[in-house]
Amino acid sequence: MERTLIILKPDAVQRGLCGTILSRFEQRGFRIAGMKWLKVQEVLAHEHYAEHKGKPFFKELVAYITSAPVIVMALEGPSAIAAARATIGTTNPRDASPGSIRGDFALEVGRNLVHASDSLASAERELRLFFAKEDLFDWDRVTDPWVFSG
Ligand code: DAT
Ligand code: MG
């Protein structure tokens, strides 16, 4: 079982696509361990996208992610990190496969709707940035599990 950080970015919120995108993840079978609504502040944006500091698109990227509220989620499931990356599609929506979120709903790399952690190290780092450990629900405590039982 893994956890990964998903962000429904400002364009997802503004275009009214949050429910649709969340449905894709729910239908795939991910469990929601945490979810919140927030406006990402500049400092948090810099931390979250630290690996991109110095790249030509960095300033634009920070302006985009801080422009309006987002929905941040911790999703879990078997191989959740790679599975969520496949569900969202390639970074540039122009190359994303039909059936992926970006491949079905986006066309521009600078407006690609959704973030998903790209590795175990990134997932752990990013989850810590957005959630306190005690904010994340421990599904093992559910005595009558609907999914992933046994
Ligand atoms: P991903 O979001 O698929 O993990 P990334 O980590 O490489 O992609 O980049 C983070 C975000 O930065 C990406 O979602 C959109 C933006 N971005 C990446 N490459 C870009 C480029 N060449 N031009 C403009 N924006 C870019
Ligand atoms: Mg990335």
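Remember, predicted model here, so these are calculated numbers, not experimental data. (Residues numbered from 1 in each chain as written. Chains lettered and ligands numbered in written order. Predicted model: local features only at pLDDT ≥ 70, side-chain atom pairs only at ≥ 80, totals over all residues. Heavy atoms only, no water.)

Explanation requested: the sheet that holds strand β2 (residues 31-38) in the structure shown.
Strand pairs in the sheet, formed through backbone hydrogen bonds, run parallel or antiparallel to each other. Spatially, the four strands line up as an open sheet ordered β2-β3-β1-β4, and their pairing is antiparallel. Because the sheet does not close on itself, it has two edges, and the strands there are β2 and β4 (114-116). Between one strand axis and the next, the sheet turns through 15° on average, direction left out of account. Where helix α2 (residues 18-28) meets the sheet, its contacts fall on β1 (2-8), β2, β3 (70-77) and β4, and the angle it forms with β3 comes to roughly 5°. (Pairing = 2+ DSSP bridges. Helix = DSSP H or I, 4+ residues; strand = E, 2+ residues; numbered from the N terminus. Axes fitted to C-alpha atoms, helices over the stretch in contact; angles between N-to-C directions. Contact = heavy atoms within 4.5 Å.)

I tried to follow the pairing of β3 on my own but got confused; where do I start?
Within a regular strand, side chains alternate between the sheet's two faces. Most of β3 is tucked away, with eight of its eight residues classed as buried. Side-chain alternation along β3 places Val-70, Val-72, Ala-74 and Glu-76 on one buried face and Ile-71, Met-73, Leu-75 and Gly-77 on a second face that is also buried. Alignment of β1 against β3, held across seven bridges, turns out to be antiparallel. By the bridge assignment, Ile-7 is partnered in β3 with Val-72. Judged from the seven bridges that link them, β2 and β3 form a sheet pairing that is antiparallel. Across the sheet, residue Gly-34 finds its bridge partner in β3, namely Ala-74. (Buried < 20%, exposed > 50% of the residue type's maximum accessible area, 1.4 Å probe, protein only.)

Help me out: how do you make sense of the packing of aromatic side chains in this one?
Here the distance between the centres and the angle between the planes together describe a pair of aromatic rings. Applying the stated criterion across every chain, the model contains two aromatic pairs. Taken together, a centroid distance of 5.7 Å and an interplanar angle of 70° make the contact between Phe-25 and Phe-30 edge-to-face. Here Phe-25 falls in the buried class, since its relative accessible area comes to 1%. Ring geometry for Phe-137 versus Trp-139: centroids 5.1 Å apart, planes at 85°, classification edge-to-face. (Phe/Tyr/Trp six-rings, centres within 6.5 Å; stacked < 30°, edge-to-face > 60°.)

Honestly, α2 in this entry has me stumped. Any pointers?
Along an α-helix, residues three or four apart share an orientation, since each turn contains 3.6 residues. Those residues of α2 not exposed but buried are Cys-18, Ile-21, Leu-22 and Phe-25. On an axial view of α2, the arc spanned by its buried residues comes to 100°, and they lie on one face. Following α2 by one or two positions, Gly-29 adopts a phi angle in the positive range, close to 115°. (Arc of directions from axis to C-beta.)

Help me out: how do you make sense of the site of ligand 1 in this one?
Close to ligand 1 lie Lys-9, Tyr-49, His-52, Phe-57, Leu-61, Arg-85, Thr-91, Arg-102, Val-109 and Asn-112, which account for all nearby residues. Arg-85 is positioned such that a nitrogen or oxygen atom in its side chain is 2.7 Å from an oxygen atom of ligand 1. Taking Thr-91, its side chain carries an N or O atom lying 2.5 Å from an oxygen atom of ligand 1. In the complex, the protein chains occlude 75% of the 520 Å² of accessible area that ligand 1 would expose alone. When its residues are assigned to classes, the shell around ligand 1 shows four nonpolar, three polar and three charged. (Near = heavy atom within 4 Å. Polar contact = N/O pair within 3.5 Å; in protein donor to acceptor, adjacent residues only side chain to side chain. Areas by Shrake-Rupley, 256 points an atom, 1.4 Å probe, with all protein chains shown as cover. Nonpolar A, V, L, I, M, F, W, Y, C, P; charged D, E, K, R; others polar.)

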